Amino acid sequence: MKKIVSLLCFIVAMNSFAQIKMQGVVKDSIGAPLELANVIAINQETNALESFGVTNDKGKYVLSLSKNQKYKLQVSYIGYKSIEEIFTTKEANVTKDFVMLEDNSLDEVELTYEMPVTIKGDTLIYNADSFKNGSERKLEDVLEKMPGMEINENGQVEVEGKVVNKLMVNGKDFFDGDTKLATKNIPANAVDKVQVLRNYAEVGQLSSVRNNQDNVAINIKLKEGKENFWFGDVTAGAGTAPSPNDELYLVQPKLFYYSPKYSINFIGDMNNIGEVALTNRDLRGFGGGFRLPSRTSGTSINLGDNGLGGLTNIADAQEVTTKLGSANFSYSPNSALDLSGFLIYNVSRLRTREENSFDYIEVEDDPNTPIDESTLTPPDEETVSTGREASNQFITKLSASYKPNVNNQLDYDVLARVSDDEERQNLVSSIVGATNQVDQVNPYSINQNLNYYYTLDENNIFAFEAQHLIKDEDPFYNALLVNNPGDNGDAFDATADDVGFDVNQLAYDINQERRVKSNQLDAKLDYFNILNAKSNINLTLGTILSNQKFNSNIFQFLDDGTRLNPVPDITNEGNLVSANNDDVDYTFSDVYLGVHYRFKTGKFTFTPGVSFHAYSNRNTQGSETFEDNFFDVLPDFEMRIQFKKSESLQLNYNMTNTFTDVTNIAEGLVMNNFNNFQFGNPELQNALSHNIRLFYSSFNLFNYTNVFAGANYSRNEDQIRSLTNFESVIRTNSFFNSQFADETASVFGRVQRTFGKIRASLRANFTYSKFNQFIGGAQSVNESFSQNYTPEIRTNFREAPNVRLRYGYTVRTNDQGANTNKFITRAPSIEFDAYIWDSVTFVTDFAYTEQENAGQKQDFKTWNASLRYRKDRDAKWEYSLRASNILDIDSNISNGAGNISVFSSETFIQPRFITFRLTYSL
């Protein structure tokens, strides 16, 4: 690694030594500087674009050119006659100014090359070909080379530190704007322009009255010749893996059709290699572009998620078999109506293995209590878990948008989701012994969205937004634990006796059935009154109506096949807790009125606001009803300073009331799994949080410097916390509103600078959190502080090979009562790609991760490579040889600290795979 870094530094130094700097000022005929004028230099010998620049607010430009070379200089600016001039460099730096004349005719110099990056208002336009060197295959390969852009760890596209909300192709939504599907499947050679739409407003009527500074969208413009024709590629492959793995196979058709009236996209996948377009977790979070109307109201209600908690990430599985079929369409029968939709069907089968070590924290004795809390600490535990997961997921959405004129817009969307998931797990614990577990769930949900926007006149706008959700979840859990009848020394015996299970069985066969039905309406009506060109007032009348019905029962199958309904010996404030939750009915409502005033003065934009809420909580359990009605006032504030077109500072403050879901309210016993039981509290109140956010963003086209930085702080009061009690490693949780406030603060930032063909960046994150926890009646404070630094340097040569070097350094410190732990992670990595002889592409990546805790170090390595051949850049056929996990590493290592333990985890992964692939491009 050190040798590679030294070599790269040598290349950079030699490249800099061979360059001279040309700089100057671009002015108009009266001497006024022209900002954002384009200056390019084309090498006359190679006829290639060698350097380009954009003038700053002083009209200054800078170019890096080779010594003793002849160049064609071209200067362009909208509304002015373009300048073209031949210039020969010498051995020294040179200063050269340009004077541009207004253009009153259509005659202008034809520009041989387009600028790599241009700005038009709030739109940043990248010319994709300026960043390609021939090794790119998919859209993500191109985006990662563009200044200011990044693909984060979740596969999302970030622009200037902001996550892209929507991705379109030729102005049409691609799978409702999902960026991960687009970046991993759209062919790189089909991309002409990448348009970054900052301050993006999906509803044009509201663009002048709503703050859209956090909204970023991307529109991919296709190359000429890609419209009205099918394009894409089909890949088929086969390979080998170490025994006892099956023979490898891969089939991935990815086809696209775009025309002015309609578009069709099809993405298919069938493989047992683990290369998937969407993971199970991606699919569970695939929201179809839905956003709650109440998202800025100050109210947050959690309906919970009763699906499987596993659904492992592909990278954490030993075996992966997937089948995906997905299609997306859009159709515009006329200029007023747009129809679109998508369908996704995914089948996955995973096999997993994980080994864990848990060191539970020590609880200090409180001398003011009659019990010795230090004896409540559970014993340290070692576990080995092997599992199989099966998931079948179906998602479909239909959308319609009707815009008969500029004053009216009506949108309707419906999203349906059905899945059939099962997880089987064999867990061997050093404390409990062997346990076989089965989780099954077949949930479905239907989400509908209706929006209507009406402009009465130039000063009055109305907006109605409503969303309705129906969700039905039916999780079933079964666990089979070892038992020695008559011997009360088994780790589970004490818990079994408390729950009411029969402890005289050869094994504990315990089960739980649950049913959660959720029904929620979220709607609001906005009125915007535009007072003048710099101010408007917004009145909002909204409501959230939610109802959840919950049933559950715990039972045991005895050795003779009969069923036992247990009677627990667990008490809550003197009352026995039931093993069942019969017909729990939880209703929540919020009716609110919001007022916001937005005004601009100079570089400042202020948006103070306040919302008035009338809340109602009601839950019925058995013959008892618990009700809480109250009124609250929640202020919010936003300030934005626009220093320049691409430089701003934003400050936000808001108060939020957070309400829990029905499972934390249900009084009866709930078995999350065999070692985690809980019973709810029907009198739980809302939690209140104060949230402050500061964000700075700057993108300088003059020197291609991208800077973003931010700070967040939140303070949570009356937070819902769990009171945890242990019997061995079996925990029981109850819930209450904590009088102790929890706090979280974070500071983050990134600086990125481009030096010719070299781009360097530094990312840093700092996070502090204070968390109050309660074990065995004793309160303790967990404090954690983490810091992460990630310097990176990469090249973007058009002819020479390219290298990307990154080093991640993370330090995490956790103070858990009397326990202090410090974790250090060092993770250098390198990516290398070379395009040779206009036909061969070689790509490889290597990463080394070392983790340290208390002087103990663990490490693992990953190395992948691929060799691809196509006759030339435009060839239809490509042949490739790919190898993953070349070092055949068995597992990845991770360690850290949870709320009540310090853990070390070893996750077993897929072995070395070598595949040969054939790709045909349409």
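Note that residues are indexed from 1 along each chain, following the sequence as it is written. Reporting of local features is limited, given that this is a predicted model, to residues whose pLDDT is at least 70; pairs of side-chain atoms are given and counted only at 80 or more, and all residues count toward the totals for whole chains, interfaces and linings. Processing note: side-chain calculations cover all non-hydrogen atoms of the structure and skip hydrogens and water entirely.

## A closer look at the pattern of salt bridges
Side-chain pairs of opposite charge can arise where the charged atoms are in close proximity.
Step number 1: Salt bridge, as applied in this entry: a Lys or Arg side-chain nitrogen positioned within 4 Å of an Asp or Glu carboxyl oxygen. Here the structure, examined in full by the defined rule, presents 38 salt bridges.
Step number 2: For E85, the salt bridge goes to K96, with nearest N and O atoms at 2.7 Å. Remark: K96 occurs in the loop between β7 (94-95) and β8 (98-100) and E85 occurs in strand β6 (residues 83-88); sequence separation between them is eleven residues.
Step number 3: Looking at K96, the relative accessible area reads 17%, which means it is buried.
Step number 4: Several salt bridges share partner residues, and in doing so they unite E144, E792, R804, R806 and E831 into one network. A run of H or I in DSSP becomes a helix once it reaches four residues, and a run of E becomes a strand once it reaches two; helices and strands are each numbered from the N terminus. Partly exposed describes any residue whose relative accessible area lies between the buried limit of under 20% and the exposed limit of over 50%, with all areas from a 1.4 Å probe on protein chains only and scaled to the type maximum.

## A look at a negative patch on the surface
Step number 1: Each patch is built from residues that are more than 30% exposed by relative accessible area and take part in no salt bridge. Like charges join if they lie within 9 Å; nonpolar side chains (Val, Leu, Ile, Met, Phe, Trp, Tyr) join within 5 Å. Here the Shrake-Rupley method, with its probe set to 1.4 Å, supplies the accessible areas, and only the displayed protein chains count as covering residues. Positive charges are assigned to Lys and Arg, negative charges to Asp and Glu, while His and the chain termini are left out of the count. Each charge is placed at NZ for Lys, CZ for Arg, CG for Asp and CD for Glu. A contiguous patch of negative charge, built from D359, E362, D380 and E382, is present on the exposed surface.
Step number 2: With respect to the element layout, D380 can be found in the loop between β23 (337-360) and β24 (381-405).
Step number 3: A residue is classified by how much of its surface remains accessible, and D380, at 45% relative accessible area, is partly exposed.

## A word on the pairing of strand β22 (residues 319-334)
Step number 1: In this analysis, strands are considered paired if DSSP registers two or more bridges between them. Here strand β20 (residues 262-271) pairs with β22 via ten bridges, running antiparallel. Residue M270 lies in a different strand from β22, and its bridge partner there is K323.
Step number 2: Here β22 pairs with β23 via 14 bridges, running antiparallel. Bridge pairing links E319 to R351 in β23.
Step number 3: The turn joining β22 and β23, which pair antiparallel and follow one another in sequence, is formed by two residues.

## Side note on the packing of aromatic side chains
Step number 1: Working definition: a ring pair exists when centres of Phe, Tyr or Trp rings (six-membered ring for Trp) sit within 6.5 Å. Plane angles under 30 degrees give stacked, over 60 give edge-to-face, the rest tilted. This model, assessed by the stated rule, comprises 35 aromatic pairs.
Step number 2: Ring geometry for Y597 versus F599: centroids 5.2 Å apart, planes at 25°, classification stacked.
Step number 3: By relative accessible area, which is 33% here, Y597 ends up partly exposed.
Step number 4: Looking at F599, the relative accessible area reads 27%, which means it is partly exposed.
Step number 5: Chaining the aromatic ring pairs together yields one cluster made of F174, F175, F231, F256, Y258 and F342.
Step number 6: A cation over an aromatic ring shows up here: R353 above the ring of F908, its NZ or CZ 5.2 Å from the ring centre.
Step number 7: Consider the ring centre and the ring normal. A charge sits over the ring if Lys NZ or Arg CZ is within 6 Å of that centre and within 35 degrees of that normal. When the ring centre of F555 is taken as reference, the NZ or CZ atom of R563 above it lies at 3.7 Å.

## Focus: the nonpolar core
Step number 1: Judged by nonpolar contacts, the single largest core of 53 residues is most densely connected at Y126, M146, M149, F174, V194, I218 and I344.
Step number 2: When residues in this core are grouped by element, the largest group, four residues, is from strand β17 (residues 216-222).
Step number 3: The contact rule is simple, with two residues in contact once any of their heavy atoms fall within 4.5 Å. The contacts of V194, once residues within four sequence positions are left out, are L124, I125, Y126, L143, M146, M149, I218, N219 and I220.
Step number 4: Formed by 29 residues, the second largest nonpolar core is a distinct cluster that contains A479, A491, V729 and I900. Working definition of a nonpolar core: buried Ala, Val, Leu, Ile, Met, Phe, Trp, Tyr and Cys residues. They are joined through side-chain atoms within 4.5 Å.

## Structural notes on the sheet that holds β6
To summarise the sheet geometry, strands pair through backbone hydrogen bonds and adopt either a parallel or an antiparallel arrangement.
Step number 1: Strand order across the open sheet formed by four strands is β3-β2-β5-β6, with antiparallel pairing between neighbours. Each edge of the open sheet is held by one strand with a lone partner, namely β3 (49-54) and β6. If you compare each strand with its neighbour and ignore which way they point, the axes differ by 20° on average.
Step number 2: As defined by bridge partners, strand β2 (residues 38-43) adjoins strand β5 (residues 70-76) across six bridges and the pair is classed as antiparallel. Bridging across to β5, N38 finds its partner in S76. Working convention: axes come from line fits to C-alpha atoms, limited for helices to the stretch in contact. Angles between N-to-C directions cover 0 to 180 degrees.

## Looking at the sheet that holds strand β9 (residues 117-120)
Step number 1: Strand order in the open sheet formed by six strands is β9-β10-β16-β17-β14-β15, with mixed pairing between adjacent strands. On the outer flanks of this sheet lie β9 and β15 (172-173), each paired with one strand and no other.

## Observations regarding unusual backbone geometry
Step number 1: One non-glycine residue, N170, adopts positive backbone phi at about 50°.
Step number 2: Summarising the element assignment, N170 is placed in the loop between β14 (166-169) and β15.
Step number 3: Among the residues examined, N170 registers a relative accessible area of 19% and is labelled buried.
Step number 4: Phi angles above zero are rare outside glycine, and D583 is one such case at about 50°.
Step number 5: Examined against the element boundaries, D583 turns out to sit in strand β35 (residues 580-601).
Step number 6: Look at D583 and you get exposed, because its relative accessible area is 56%.

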